[in-house]
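# Fold and geometry: a report
Residue-level listing of the chains:
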Amino acid sequence: MNTQPTLTKDGQETGTTGPAQPSDGLKAGLKNRHLSMIAIGGVIGAGLFVGSGSGIAAAGPAILLSYALVGAMVVFVMRMLGEMAAARPSSGSFSAYADRALGRWAGFSIGWLYWFFWVVVLAVEATAGAKILESWVPAVPQWGWALIVMVVLTATNLGSVASYGEFEFWFAGIKVVAIGAFVAIGMLAVFGVLPGSDNPGAGFAHLTDSGGFFPMGAGAVLTGVLMVVFSFMGSEIVTLAAGESEDPQKAVTKATNSVIWRIGVFYLGSIFVVLTLLPWNDKSIVEKGSYVAALDSIGIAHAGQIMNVIVLTAVLSCLNSGLYTASRMAFSLGQRGDAPKAFAKVNKRGVPVAAILGSVVFGFVAVFFNYKWPDTVFAFLLNSSGAVALFVWLVICVTQLRMRGIILRESPEKLIVRMWLFPYLTWATIAMIVGVLGYMVYDGGSNRDQVVLSLLVAALVIAISLVRQRVGKADRPAEVSERV
């Protein structure tokens, strides 16, 4: 049996436990406050603001259980990822860990699938942001606004990792303050103590007064799970960013330990406020959006425009983080010989320029497809990346089963974050994720299309990886070739 030395921050090997500074050319430009806000705000996507109304309409008050189930799944996955990331901070995160624990094919496949997911997200978010901006300044066409926001955020990422961190600090800060204020004001209105509120303060009665807590049946909870699961994607970004922070272990540990209250307050707390302010079947929840409807119900003036500003901030935050995440995954793949070598090069500021530009180019192409062929080519891209989030979480679970033993053998002192009830809770989480994927197929329609097309794309990527290995066209760098 060969013994593999300790991995560095990007999954590469070294004979010693690495220093706090990245040894792969990246700069430790993210401060603790950046990482803290990325961790807090990363779990709040635009999907929470614009998609929650449909979930409420589909499941009624029971949508709270849907959010709780998915939230628990994310907490468990983040705990597993935190265990690995605290021991081996890496800009490749779960892709680098899968490479080590499961085989090169796994790291290659999940890394490229994750990159593909985020470049498609770039197109979705750029279009969403452009629609809001065009409504404010119609003189600039929608495609023009999409181009502007993509160029501005590309320039930000090309500047330095600190620029990304600073932008994300303020973007995430606005989202956090907005959700916090919404929950606080909403709860005052729920208990009838908000001065000047137009809401009669029905308290908790709305949770059961329109057909009970399960008005659409208990099975609607699973339907709700499918509708809310993708709004949680992005919570893992902090483990990629940790590789460029001043104190990766501290940042990852803090983010992992705080994920429970973040999901509890931002997701469950805000949806609970909506459901207690309004009957679940109030038409305004779908027509205006759940948050706007709730704000309107308590007499908050210009609620629609306020929410547009917050949604735009969430969109820009998602774009900023999506570009960063895609580029760092491309960088990590380049370092491991699974992407063009140019992707692994950094400039004097520690920025992987080629990896950023390569991701942006595909993002621009996806934006073009969204405008030119939204119902054909782009719909295919969207569906074929739709289930990747669940694939990523599944790979994290399976990888952690193997990585626990590797860490205990090589550097047990670094196991400062531990998955609870290992391995039983890990296997239970795997069963939950497989169950969600199975129900997506059973549910039919676009959910089935997403799983089937995503599986086909995943199979193609895995096949490419295996062929590359077999024909010897993807030789690993000598220093990362050993494996336990």
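This structure is a prediction, so every number in the text was calculated from the model and none was measured.

This paragraph deals with the side chain of threonine 325. With respect to the helices and strands, the residue threonine 325 is situated in helix α13 (residues 303-335). A polar atom in the side chain of threonine 325 sits 2.6 Å from the backbone oxygen of serine 321. Apart from the residues lying within four places of it in its own chain, the contact partners of threonine 325 are Tyr114, Trp118, Ile237 and Leu240.

Quick look at the packing of aromatic side chains now. Aromatic ring pairs are described here by two measures, namely the spacing of the ring centres and the angle between the planes. By the definition in use, this model includes 21 aromatic pairs. Ring plane angle 40 degrees and centroid distance 6.0 Å describe the contact between tyrosine 67 and tyrosine 267, whose orientation is recorded as tilted. Of this pair, tyrosine 67 sits in helix α3 (residues 63-87) while tyrosine 267 sits in helix α10 (residues 248-277), and the two are 200 residues apart along the sequence. When sorted by exposure, tyrosine 67 lands in the same class as tyrosine 267, which is buried. Taken together, a centroid distance of 5.8 Å and an interplanar angle of 40 degrees make the contact between tyrosine 439 and tyrosine 442 tilted.

As a further point, take unusual backbone geometry. With an omega dihedral of 0 degrees, the bond running from phenylalanine 422 to proline 423 counts as a cis peptide bond. Structurally, the position occupied by proline 423 is in the loop between α16 (388-410) and α17 (424-443). In this structure, histidine 302 takes a positive phi of about 55 degrees despite not being glycine. Structurally, the position occupied by histidine 302 is in the loop between α12 (290-297) and α13.

So, on to a nonpolar patch on the surface. A cluster of nonpolar side chains, Trp143, Leu147, Val151 and Tyr371, forms an exposed patch at the surface whose accessible area comes to about 400 Å². Looking at the nonpolar patch element by element, the count peaks at three residues for helix α6 (residues 142-159). If you trace the backbone, tryptophan 143 turns up in helix α6.

In this section: helix α1 (residues 32-41). Side chains three or four residues apart in an α-helix point the same way, a direct result of the helix having 3.6 residues per turn. With seven of 10 residues buried, α1 is to be regarded as a mostly interior element. Buried residues along α1 sit in contact with α7 (161-190), α9 (237-241) and α10.

Before going further, it helps to examine the packing of helix α5 (residues 104-136) against helix α18 (residues 445-471). For any two helices packed against each other, the geometry is given by the interaxial angle and the distance between the axes. At their nearest, the axes of α5 and α18 sit 9 Å apart, and the two run at 135 degrees to each other. Here α5 lies oblique to α18, going by the angle between them. Here α5 and α18 pass one another in a crossing that is right-handed. Taken together, the residues of α18 that come into contact with α5 (itself represented by Arg104, Trp105, Phe108, Ser109, Trp112, Leu113 and Phe116) are Val457, Ala458, Val461, Ile462, Ile464, Ser465, Leu466, Arg468 and Gln469. Of the residues that constitute the contact of α5 with α18, the class distribution is 11 nonpolar, three polar and two charged.

Averaged over the chain, the pLDDT score is 83; the fraction of residues at 70 or greater is 90%. Low pLDDT (under 50) marks residues 1-20, which in the prediction has 66 contacts with non-local residues, meaning those over four places away or in another chain. Taken as a whole, residues 478-484 scores under 50 in pLDDT and shows 24 contacts with residues more than four places along the chain or in a different chain.

Evaluation of the coordinates by the stated rule reveals eight salt bridges. Among the salt bridges present, the one from arginine 404 reaches glutamate 83, with a minimum N-O distance of 2.8 Å. Here arginine 404, found in helix α16, pairs with glutamate 83, found in helix α3; they are 321 residues apart in sequence, far enough to count as distant. Just as arginine 404 is buried, glutamate 83 falls in that class too. For the salt bridge of arginine 328 with glutamate 244, the shortest nitrogen-to-oxygen distance reads 2.8 Å. Placement of arginine 328 in helix α13 and of glutamate 244 in the loop between α9 and α10 is noted, with a sequence separation of 84 residues between them. One continuous salt-bridge network, built from bridges that share partners, spans Arg88, Arg100 and Glu410.

Cut-offs used in this document
- Residues numbered from 1 in each chain as written.
- Predicted model: local features only at pLDDT ≥ 70, side-chain atom pairs only at ≥ 80, totals over all residues.
- Heavy atoms only, no water.
- Helix = DSSP H or I, 4+ residues; strand = E, 2+ residues; numbered from the N terminus.
- Polar contact = N/O pair within 3.5 Å; in protein donor to acceptor, adjacent residues only side chain to side chain.
- Contact = heavy atoms within 4.5 Å.
- Phe/Tyr/Trp six-rings, centres within 6.5 Å; stacked < 30°, edge-to-face > 60°.
- Buried < 20%, exposed > 50% of the residue type's maximum accessible area, 1.4 Å probe, protein only.
- Patch = residues over 30% accessible without salt bridge, like charges linked within 9 Å, V, L, I, M, F, W, Y side chains within 5 Å.
- Areas by Shrake-Rupley, 256 points an atom, 1.4 Å probe, with all protein chains shown as cover.
- Salt bridge = Lys/Arg side-chain N within 4 Å of Asp/Glu carboxyl O.
- Axes fitted to C-alpha atoms, helices over the stretch in contact; angles between N-to-C directions.
- Parallel < 35°, antiparallel > 145°, perpendicular 65-115°, else oblique.
- Left-handed = near helix turned anticlockwise from the far one by under 90°.
- Nonpolar A, V, L, I, M, F, W, Y, C, P; charged D, E, K, R; others polar.
- pLDDT = per-residue confidence, 0-100.

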